[in-house]
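Now for the letters of each chain:
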Amino acid sequence: MRTEIALSNIKEMIEKDGIEFIMKESKRLLDSGAIDKDKFVDDEFALPKIVLTVVLESLADQYRPRHDEYKEDVENLKHF
């Protein structure tokens, strides 16, 4: 597959599901009561970074290849 096609498909996936999922899941986590939001008054980016970390890990799980043959490729790319 050419780089341009892969990037086009990535962009399509992000535009289709990415932003909407990130915002919806972020709101759900922030409203869950699982974390004391007042603890982050002095650092306005700490809480968003924490939430975004959890949301992106969840999003990654949704896109993780289901075929075992691709798991090695995923692990390999993590080194670059």
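Because the structure is a prediction, the values reported are computed rather than measured.

Q: Before we move on, could you go through helix α1 (residues 3-31) and cite the residues and values that matter?
A: For α1, spanning 29 residues, the distance from its first C-alpha to its last is 39 Å, which sits close to the expected 42 Å at 1.5 Å a residue. Along its length, α1 reaches its greatest deviation from straightness, about 45 degrees, at Ile14. Within the span of α1, buried status applies to Gly18, Phe21, Ile22, Glu25, Ser26 and Leu29. Check the buried side of α1 and you find it contacts α2 (46-63). Immediately downstream of α1, the backbone of Gly33 shows phi near 80 degrees, a positive value.

Q: Explain the layout of surface pockets to me, using residue names and the numbers behind them.
A: Of the voids in this model, the largest pocket is the one considered here, and its volume is about 430 Å³. Lining the largest pocket are Met1, Ala6, Asn9, Ile10, Met13, Ile14, Gly18, Ile22, Leu59, Tyr63 and Pro65. When residues of the lining of the largest pocket are traced back to their parent elements, those giving at least two are α1 and α2. Per-element tally for the lining of the largest pocket: the top contributor is α1, with seven residues.

Q: Help me get a handle on the nonpolar core, residues and values and all.
A: Grouped burial of nonpolar side chains is what soluble globular proteins tend to show. Ranked by size, the top nonpolar core spans nine residues in total: Phe21, Ile22, Leu29, Phe40, Ala46, Leu47, Val51, Val55 and Leu59. Of all the secondary structure elements, the ones that give two or more residues to this core are α1 and α2. Per-element tally for this core: the top contributor is α2, with five residues. Contacts of Val51, omitting those with residues within four sequence positions, involve Ser26, Leu29 and Leu30.

Q: Tell me about a nonpolar patch on the surface, and please be specific about residues and values.
A: A surface patch of nonpolar side chains, amounting to about 510 Å² of accessible area, comprises Leu7, Ile10, Ile14, Ile19 and Met23. Position of Ile14 relative to the elements: it lies in helix α1. Here Ile14 falls in the partly exposed class, since its relative accessible area comes to 45%.

Analysis parameters
Residues numbered from 1 in each chain as written. Predicted model: local features only at pLDDT ≥ 70, side-chain atom pairs only at ≥ 80, totals over all residues. Heavy atoms only, no water. Helix = DSSP H or I, 4+ residues; strand = E, 2+ residues; numbered from the N terminus. Expected span 1.5 Å × (residues − 1). Bend = angle between axes of the 7 residues up to and from the residue. Buried < 20%, exposed > 50% of the residue type's maximum accessible area, 1.4 Å probe, protein only. Contact = heavy atoms within 4.5 Å. 1 Å grid on protein atoms, 1.4 Å probe; cavity = no way out; pocket = protein on both sides within 12 Å on 5 of 7 lines; lining within 4 Å. Points joined across faces, edges and corners; volume = space filled by probe spheres on them. Core = buried A, V, L, I, M, F, W, Y, C linked by side-chain atoms within 4.5 Å. Patch = residues over 30% accessible without salt bridge, like charges linked within 9 Å, V, L, I, M, F, W, Y side chains within 5 Å. Areas by Shrake-Rupley, 256 points an atom, 1.4 Å probe, with all protein chains shown as cover. Salt bridge = Lys/Arg side-chain N within 4 Å of Asp/Glu carboxyl O.

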